[in-house]
Amino acid sequence: MSCRKTYRPETALIHDGTSRSQFGETSEALYMTQGFIYETAEQAERRFLNEEPGYSYSRYANPTVTIFEERMAALEGAEAAQATATGMAAVTAALVAQVKAGDHIVAARAMFGSNRNVITDLLARFGVTSTLVDGRDINAWKAAVRPETKVFFLESPANPTLEIIDIQAVADIAHAAGATLTVDNVFATPLFQKPLKLGADCVVYSATKHIDGQGRCLGGVILGTRTFIEETIWPFVRLTGPTISPFNAWVLLKGLETLAVRVERQSQNAARVADALAAHPKIKRIVYPGRADHPQADLIRQQMSGHSTMIGLEVKGGRAEAFRFLNALKLIRISNNLGDAKSIITHPATTTHMSFKPEEREVLGISEGFLRLSIGLEHFEDQIEDIVQALEAI
Ligand SMILES: *Cc1c(COP(=O)(O)O)cnc(C)c1O
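Just so it is clear, the model here is predicted, and its values are computed rather than measured.

About the criteria used
Residues numbered from 1 in each chain as written. Predicted model: local features only at pLDDT ≥ 70, side-chain atom pairs only at ≥ 80, totals over all residues. Heavy atoms only, no water. UniProt positions renumbered as here; feature names shortened; annotations may be inferred. Contact = heavy atoms within 4.5 Å. Core = buried A, V, L, I, M, F, W, Y, C linked by side-chain atoms within 4.5 Å. Buried < 20%, exposed > 50% of the residue type's maximum accessible area, 1.4 Å probe, protein only. Helix = DSSP H or I, 4+ residues; strand = E, 2+ residues; numbered from the N terminus. Domains from an automatic or database assignment. Pairing = 2+ DSSP bridges. Axes fitted to C-alpha atoms, helices over the stretch in contact; angles between N-to-C directions. 1 Å grid on protein atoms, 1.4 Å probe; cavity = no way out; pocket = protein on both sides within 12 Å on 5 of 7 lines; lining within 4 Å. Points joined across faces, edges and corners; volume = space filled by probe spheres on them. Nonpolar A, V, L, I, M, F, W, Y, C, P; charged D, E, K, R; others polar. Near = heavy atom within 4 Å. Polar contact = N/O pair within 3.5 Å; in protein donor to acceptor, adjacent residues only side chain to side chain. Areas by Shrake-Rupley, 256 points an atom, 1.4 Å probe, with all protein chains shown as cover. Buried area = accessible area lost by both parts, 1.4 Å probe. Salt bridge = Lys/Arg side-chain N within 4 Å of Asp/Glu carboxyl O.

*Asks:* Please clarify how the UniProt feature "modified residue: N6-(pyridoxal phosphate)lysine" (unreviewed entry) in the chain should be interpreted in this entry.
*Replies:* Residues annotated by UniProt as "modified residue: N6-(pyridoxal phosphate)lysine" (unreviewed entry) correspond here to Lys209. Aside from chain neighbours lying at most four places away, what touches Lys209 is Val186, Asn337, Leu338 and Gly339.

*Asks:* Got a minute to help me understand the nonpolar core in this structure?
*Replies:* General note: in soluble globular proteins, nonpolar side chains tend to be found buried as a group. Residues Phe68, Met72, Leu191, Ile211, Leu223 and Leu256 are the most contacted members of the largest nonpolar core, which totals 34 residues. Looking at this core, the elements with two or more residues in it are helix H3 (63–76), strand E1 (80–84), helix H8 (189–192), strand E6 (202–206), strand E7 (220–224), helix H11 (246–257), helix H12 (259–277) and helix H13 (297–303). When residues of this core are assigned to their parent elements, the largest contribution, 6 residues, is made by H3. There are two domains that each give this core at least three residues, and those are domain 1 (9–255) and domain 2 (260–391). The contacts of Leu256, once residues within four sequence positions are left out, are Leu13, Phe68, Arg71, Met72, Leu75 and Ile211. Of all hydrophobic cores here, the second largest spans 25 residues; its members include Ala274, Leu277, Tyr288 and Ile311.

*Asks:* Explain the sheet that holds strand E9 (residues 310–315) to me, please; I cannot follow it from the model alone.
*Replies:* The strands making up a sheet associate through hydrogen bonds between their backbones, and the pairing can be parallel or antiparallel. Taken in spatial order, the 5 strands make up an open sheet running E8-E9-E12-E11-E10, and their pairing is mixed. Each end of this open sheet is capped by a strand with a single partner; those strands are strand E8 (283–287) and strand E10 (333–334). Of the strand pairs in this sheet, E10 and strand E11 (residues 344–346) are connected by 2 bridges, and their pairing is parallel. In the sheet register, Ile334 faces E11, and the bridge partner there is Ile345. Taken strand by strand, H12 contacts E8, E9 and strand E12 (370–374), and its axis lies near 20° from that of E9.

*Asks:* Explanation requested: empty space enclosed by the protein in the structure shown.
*Replies:* The probe, sized like a water molecule, is rolled over the atoms to show the empty space still left. Going through the model one piece at a time under the given rule, you end up with 1 cavity of 30 Å³ or more. By volume, the largest cavity amounts to about 30 Å³. Taken together, Val186, Thr189, Pro190, Tyr205, Ser206, Lys209, His210 and Ile211 form the lining of the largest cavity. Among the elements of the structure, H8, E6 and helix H9 (208–212) are those that each provide at least two residues to the lining of the largest cavity. The element contributing the most residues to the lining of the largest cavity is H9, with 3 residues. Taken together, the residues of the lining of the largest cavity sort by class into 4 nonpolar, 3 polar and 1 charged.

*Asks:* In this structure, what is going on with the site of the ligand? I would like to understand it.
*Replies:* Surveying the vicinity of the ligand reveals 15 residues, the closest of which are Met88, Asp184, Ser206, Thr208 and Lys209. Within the backbone of Met88, an N or O atom sits 2.8 Å from an oxygen atom of the ligand. At 3.2 Å from an oxygen atom of the ligand is found a side-chain nitrogen or oxygen belonging to Asn159. Within the complex, the protein chains bury 91% of what would otherwise be the 380 Å² of accessible surface of the ligand.

*Asks:* Looking at this model, I keep getting lost on the domain arrangement of the chain. Mind explaining?
*Replies:* Reports often express the size of an interface as the amount of accessible area lost when the parts come together. Here the chain is partitioned into domain 1 (9–255) and domain 2 (260–391). Taken over C-alpha atoms, the centre of domain 1 sits 27 Å from the centre of domain 2. Taken residue by residue, the interface counts 39 residues in domain 1 and 38 residues in domain 2. For the pair domain 1 and domain 2, the two sides together bury roughly 3,100 Å², of which 60% comes from carbon and sulfur. Counting across the interface, domain 1 meets domain 2 through 1 salt bridge. Of the charged contacts, one joins Arg116 and Glu360 as a salt bridge, the two residues approaching to 2.8 Å between their closest N and O atoms. Scanning the region where domain 1 abuts domain 2 turns up 18 residue pairs in polar contact (both at pLDDT 80 or more). Secondary-structure elements contributing two or more residues to the side of domain 1 that touches domain 2 are helix H1 (9–15), helix H5 (113–122), helix H7 (167–176), H8 and H9. Residue contributions to the side of domain 1 that touches domain 2 peak at 5 residues, all from H9. Partitioned by chemical class, the residues of the side of domain 1 that touches domain 2 number 17 nonpolar, 14 polar and 8 charged.

Pasting the structure below:
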């Protein structure tokens, strides 16, 4: 594979990693098998000693999963990838595999609720401490460093506030401190931002989101150097088993084939919806990474090659008004997934970010009137009409 041509993303998404069986199938083969047969006892021994290439057990590796991993690595421009059962399995494995009791993590405060709970609650039970900072404030990252700091973690754009963090600047501080940087790149997608090129050491995805993009299955992936994946991540996954099903890896491969087309159209739609709503009298605030009024529009231009399928919108009023609006939507459905072909909307304060203390939500701008809108593939005029008619219900 080393002499393979490097294709552009649209091409890599369809062809990279393909490894055909003796039947020459067009679509990737689905190897639904737990294990693999050895010709001889000696061969089994060699496989277990890692002296002979080949598969031995699907908790360790599986041919369908390998195609998914190689395609993701090619798309990301990473040396290697490890697929996982969910996005949270990817985040948890990426963090746990890098730390031990006594270590310290610095993370941006604006992040997905479960990510925060893993860092501040789960890891704390095993003696790993953490400091949360305002990720936009570069000096805050510097000030949080301790001698025992091992990992920096951030999301950009963050879920659900669409806050942006200067990945290169944070990577430089992490490296000066002898730490690594892990970036959860779910909101940007591998098409619109390349954290490894900006200095990150590890990138994680929930493949449940845009990569499936059609509401079918959960999945995750961790990317980095070959040494990092093989020596830090793979031994942890192989031992603890947050492994993806070959079936889900196969579904995600089908998702990857259309990822570029979907994400481009969804973000074009999102830009049109954001512009159509920005001046609406019932809306207090629109946050969209493609608009000139995004507070970090310059940084977005600098580190992203596209915008977003996601819109943050705050209705005038509080929870009652937000709920009236949600309940009046007819086309856009209330659901806490994102990146889907179907437009979906969620009220973070009472769902994805309910575990945050009210003061913390306030600091982040996750008010009672704030909604996270994931724009799908419907015609943008139908999306806008549905939102406008529901705003009238407030
Ligand atoms: C959804 C999400 C996750 C978790 O992914 P699952 O596949 O649901 O486990 C992690 N990070 C971000 C930013 C997410 O949006």
